[in-house]
Amino acid sequence: MRAPETRKMITLEVLANTRTTPNFATITLGGPELAHLENMGHDQAVRLFFPRAGQERLRMPVSSGNAWMAELLLLPKSRRPRVRNYTIRRIRPERGELDIEFALHGDAPASDWARRARPGDRAGIFDLGITYLPPADAAWQLLAGDESAVPAILAILEHAPESLVADVFLEVPESGDIRRDIIAPEGAHVRWLARDGAGDLPGTLALAAAKRAPLRPGRSYTWTAGETKLPTGLRRHLVQEHGVPKSDIAFFGYWRHGRSSPG
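Numbering of residues starts from 1 in each chain and follows the order in which that chain's sequence is written. Thresholds applied to this predicted model are a pLDDT of at least 70 for local features of residues and 80 or more for the giving and counting of side-chain atom pairs; totals over whole chains, interfaces and linings are not thresholded and use all residues. Note that water and hydrogens are dropped before the side-chain values are worked out from all heavy atoms of the structure.

J.: So what's going on with the side chain of Arg-195? Residues and values would help.
T.: With respect to the helices, strands and loops of the structure, Arg-195 is situated in the loop between strand E9 (188–194) and helix H4 (204–212). Relative accessibility thresholds used throughout: buried, under 20% of the residue-type maximum; exposed, over 50%; partly exposed, between the two (1.4 Å probe, protein chains only). Note on Arg-195: relative accessible area 11%, which makes it buried. Here a polar contact is recorded for every N or O atom pair within 3.5 Å, except that within protein the pair must consist of a potential hydrogen donor and a potential acceptor, and residues adjacent in sequence are included only if both atoms are side-chain atoms. Here the side chain of Arg-195 touches Glu-171 through a polar contact of 2.8 Å, side chain to side chain. Residue contacts follow a heavy-atom distance rule, with two residues in contact if any of their heavy atoms lie within 4.5 Å. If we skip the residues at most four places from it in the chain, Arg-195 touches Glu-147, Glu-171, Val-172, Pro-173, Asp-200, Leu-201, Pro-202, Gly-203 and Leu-205. Only DSSP runs of H or I covering at least 4 residues are called helices, and only runs of E covering at least 2 are called strands; the numbering of each starts at the N terminus.

Here is the structure:
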């Protein structure tokens, strides 16, 4: 991961809540403190702080570095905010706005907040930086993710150079979540995979499709994320079946099926 040179706690407010597709919502946040955020592009992630259901206001930590976590843990849950990692989908610094896109998973705390967030509600962010770091001599790229990684991969494609050659596999809950108007270089071959109630574990379709796809010639760079079986399974396949160096694969288990993050 490449972190920004300086980081600080940033408090913002909800400007809009838009249902992007049946299973995705986009929360637009803004405020003067956004000027402190370094726009790094690609899969730039932040710690997102939001109030728990029933809390009257957001209590943001004042510490930076690693001290903020200890500060939060000293608070009783009745006053402690929820904290989750999310990717910045888009940022408009000239307007003091950024978008964070949520995959709405059942009654998970972040999904619940994303459904009920209204203009004027408070939320905070702490910059984490980017993990998408392809080597300069990569001839092509493989990008694969389930719905939890769709916002990051779409942001990567929007910031990619026009010379990018890539095979992209994006899995979503249903066909209504497929985007018809994405921005991507012509050399990026994007394939959408919708479960449409088939009952497959999230990530299963993307993993199977990526494993079936023939590898292009030349050095590759892989970025894959989602339910943990997808990135770990794809990495194992590329290393064991194709001899791809581990250093050329960035993989991230964003979540584990059947488990909810504590806090």
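J.: Before we move on, could you go through the packing of aromatic side chains and cite the residues and values that matter?
T.: For this analysis, a ring pair means two rings from Phe, Tyr or Trp (six-membered ring only for Trp) whose centres lie within 6.5 Å, classed as stacked if their planes differ by under 30 degrees, edge-to-face if by over 60, and tilted for the remaining angles. Taken as a whole and assessed by the stated rule, the structure comprises 8 aromatic pairs. Judged by centre distance (4.5 Å) and plane angle (45 degrees), the rings of Tyr-86 and Phe-102 are tilted. Here Tyr-86 is found in strand E4 (residues 82–92), whereas its partner Phe-102 is found in strand E5 (residues 97–103), with 16 residues between them in sequence. A single burial state applies to Tyr-86 and to Phe-102, both of which are buried. Each ring, one from Trp-223 and one from Phe-252, has its centre 5.8 Å from the other, and the planes form 45 degrees; the classification is tilted. Here Trp-223 is found in strand E10 (residues 220–227), whereas its partner Phe-252 is found in strand E11 (residues 249–255), with 29 residues between them in sequence. The class for Phe-252 is partly exposed, based on a relative accessible area of 25%. Among the aromatic residues, those joined into a cluster by ring pairs are Phe-50, Tyr-86, Phe-102 and Trp-113.

J.: Report on helix H2 (residues 109–116), specifying residues and quantitative values.
T.: Buried within H2 we find Pro-109, Ala-110, Ser-111, Trp-113 and Ala-114. In this structure, the buried residues of H2 make contact with strand E1 (10–21), strand E2 (24–30), strand E3 (45–50), E4, E5 and strand E6 (122–129).

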